[in-house]
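Each chain is listed here by its residues.
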Amino acid sequence: MNTTTATVTQVKRKSLNMVVIGLPGSGKGTQSKQLAEKYQLAHVSSGELLRSEMTKNTERAREIRVNMEKGTLFPDELVNSVLMDSVPSDNFILDGYPRKLSQTGVFGSVNIVFFIGLDGREAVRRILSRDEGRKDDTEEAVQKRLQAFEKETRPVVDHYRGLGLLHEVDGSGSREEVFERMVGEVEAFLNE
Ligand code: AP5
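In this report, we go over the structure that sits alongside the text. Since this is a predicted model, take the numbers as computed values, not measurements. (Residues numbered from 1 in each chain as written. Predicted model: local features only at pLDDT ≥ 70, side-chain atom pairs only at ≥ 80, totals over all residues. Heavy atoms only, no water.)

**Looking at helix H7 (residues 175-190)**
Here comes step 1: The end-to-end C-alpha separation of H7 is 22 Å, in line with the 22 Å expected for 16 residues at 1.5 Å each.
Here comes step 2: Residues Val-178, Phe-179, Met-182, Val-183, Val-186, Phe-189 and Leu-190 constitute the buried set of H7. Seen along its axis, H7 keeps its buried residues to an arc of 135°; they face one direction.
Here comes step 3: Elements in contact with the buried residues of H7: strand S1 (17-22), helix H1 (28-39), strand S4 (112-117) and strand S5 (166-170). (Helix = DSSP H or I, 4+ residues; strand = E, 2+ residues; numbered from the N terminus. Expected span 1.5 Å × (residues − 1). Buried < 20%, exposed > 50% of the residue type's maximum accessible area, 1.4 Å probe, protein only. Arc of directions from axis to C-beta. Contact = heavy atoms within 4.5 Å.)

**A few points about the pattern of salt bridges**
Here comes step 1: For the coordinates displayed, the defined rule picks out 18 salt bridges.
Here comes step 2: Of the charged contacts, one joins Glu-48 and Lys-33 as a salt bridge, the two residues approaching to 3.5 Å between their closest N and O atoms. Here Lys-33 lies in helix H1 and Glu-48 lies in helix H2 (residues 46-53), a separation of 15 residues in the sequence.
Here comes step 3: The closest approach of N and O atoms between Asp-170 and Arg-181, which form a salt bridge, is 4.0 Å. Linking Asp-170 in strand S5 with Arg-181 in helix H7, this pair joins segments that are 11 residues apart in sequence.
Here comes step 4: Asp-170 gets classed as partly exposed once you look at its relative accessible area, which sits at 40%. (Salt bridge = Lys/Arg side-chain N within 4 Å of Asp/Glu carboxyl O.)

**A short note on helix H6 (residues 139-162)**
Here comes step 1: The terminal C-alpha atoms of H6, which comprises 24 residues, lie 33 Å apart, in line with the 34 Å expected from a rise of 1.5 Å per residue.
Here comes step 2: Its axis deflected by about 45° at Thr-153, H6 carries its strongest bend there, up to four residues before the proline Pro-155.
Here comes step 3: By the burial criterion, the buried members of H6 are Ala-141, Val-142, Arg-145, Leu-146, Ala-148, Phe-149, Thr-153, Val-156, Val-157 and Tyr-160.
Here comes step 4: Elements that come into contact with the buried residues of H6 comprise S1, helix H3 (59-70), S4, helix H5 (120-129) and S5.
Here comes step 5: Downstream of H6 by a residue or two, Gly-164 has a phi angle that is positive, lying close to 75°. (Bend = angle between axes of the 7 residues up to and from the residue.)

**Concerning the packing of aromatic side chains**
Here comes step 1: What the rule picks out here adds up to two aromatic pairs.
Here comes step 2: Ring plane angle 55° and centroid distance 5.4 Å describe the contact between Tyr-97 and Phe-107, whose orientation is recorded as tilted. On the criterion of sequence distance, the pair formed by Tyr-97 in the loop between strand S3 (92-95) and S4 and Phe-107 in the loop between S3 and S4 is long-range, its members being 10 residues apart. Of the two residues examined, Tyr-97 and Phe-107, each falls in the buried class.
Here comes step 3: Ring centres 6.2 Å apart and planes at 15° place the aromatic pair Phe-115 and Phe-149 in the stacked group. Of this pair, Phe-115 sits in strand S4 while Phe-149 sits in helix H6; the two residues are 34 residues apart in sequence, bridging distant segments of the chain. You'll find Phe-115 and Phe-149 in the same group, each marked buried.
Here comes step 4: Here the basic side chain of Lys-14 rests over the ring of Phe-189, its NZ or CZ set 4.2 Å away from the ring centre. (Phe/Tyr/Trp six-rings, centres within 6.5 Å; stacked < 30°, edge-to-face > 60°. Lys NZ or Arg CZ within 6 Å of the ring centre and 35° of its normal.)

**Notes on the site of the ligand**
Here comes step 1: Neighbouring the ligand are 29 residues, the closest being Thr-30, Ser-46, Thr-72, Arg-99 and Arg-130.
Here comes step 2: Contacts to the ligand include Gly-25, whose backbone N or O atom sits 2.9 Å from an oxygen atom.
Here comes step 3: A distance of 3.0 Å is found between an oxygen atom of the ligand and a side-chain nitrogen or oxygen belonging to Arg-175.
Here comes step 4: Look at the ligand: alone it shows 1000 Å² of surface, and the protein chains cover 91% of it.
Here comes step 5: Sorting the residues of the shell around the ligand by element identifies H1 and H2 as the ones contributing at least two each.
Here comes step 6: Ranked by the residues each element gives to the shell around the ligand, the list is headed by H2, at four residues.
Here comes step 7: Here the shell around the ligand is built from residues that sort into eight nonpolar, 12 polar and nine charged. (Near = heavy atom within 4 Å. Polar contact = N/O pair within 3.5 Å; in protein donor to acceptor, adjacent residues only side chain to side chain. Areas by Shrake-Rupley, 256 points an atom, 1.4 Å probe, with all protein chains shown as cover. Nonpolar A, V, L, I, M, F, W, Y, C, P; charged D, E, K, R; others polar.)

**Quick look at unusual backbone geometry**
Here comes step 1: With an omega of 0°, the peptide bond running from Tyr-97 to Pro-98 counts as cis.
Here comes step 2: Checked against the element boundaries, Pro-98 lands in the loop between S3 and S4.
Here comes step 3: Positive phi outside glycine occurs at Gln-40, with the angle close to 55°.
Here comes step 4: Relative to the helices and strands, Gln-40 is located in the loop between H1 and strand S2 (42-45).
Here comes step 5: The backbone of Asn-91 shows a phi angle near 60°, a positive value even though the residue is not glycine.
Here comes step 6: Considering the arrangement of structural elements, one finds Asn-91 in the loop between helix H4 (76-83) and S3.

Fair warning: the whole summary comes from geometry, so function is off the table for now.
Next up, the structure:
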């Protein structure tokens, strides 16, 4: 009797070191969580880490609380120190970081940068209709966050476009539709 021996070869997947950029309310957090789950990546959200840190009884927490209510960007040293221990060297998704040119190249070697494009009015509508008790979800703070995006983060988008790493995705439509678009980009990258 002939015996056939099947040899199973495990092919190692390319590393996925991603950054997700977009206006406040564009869906960075929503999509990053799902992508992290699908591709088994460490999801590192600078906003979530800062919000968790600010509940502590420390001088750094006090500094974060004051900044957060204003809706302005935090100093690099503060954000970097909060993220320092959370970003692995490989297979991660950075949600909301970098958002200034001075923050590019600090963590890991990035190979996919998503920019979720969304009309500003829709982004504001989504933020103001969520009810999570965030201190920076007031009209005033949201306007500051939008201004910070245009001034500080838009140049980061251009920087990654210049490096050929940028994947622009339409952020309108349902959460599922946006997720499908992003997965399409990741799959194309993995199959290159
Ligand atoms: P961060 O928490 O990152 O806030 P943000 O960038 O303003 O973004 P949001 O969390 O508001 O929105 P999102 O794009 O993640 O969208 P989400 O998925 O939640 O940062 C907070 C602050 O920390 C910053 O303002 C800054 O001060 C500071 N900070 C953070 N990182 C920093 C850095 N690197 N340097 C300096 N300072 C830093 O979705 C929004 C809502 O819409 C949700 O309710 C969601 O359920 C809903 N939604 C999502 N997708 C859809 C859809 N397709 N259709 C309908 N609703 C949707």
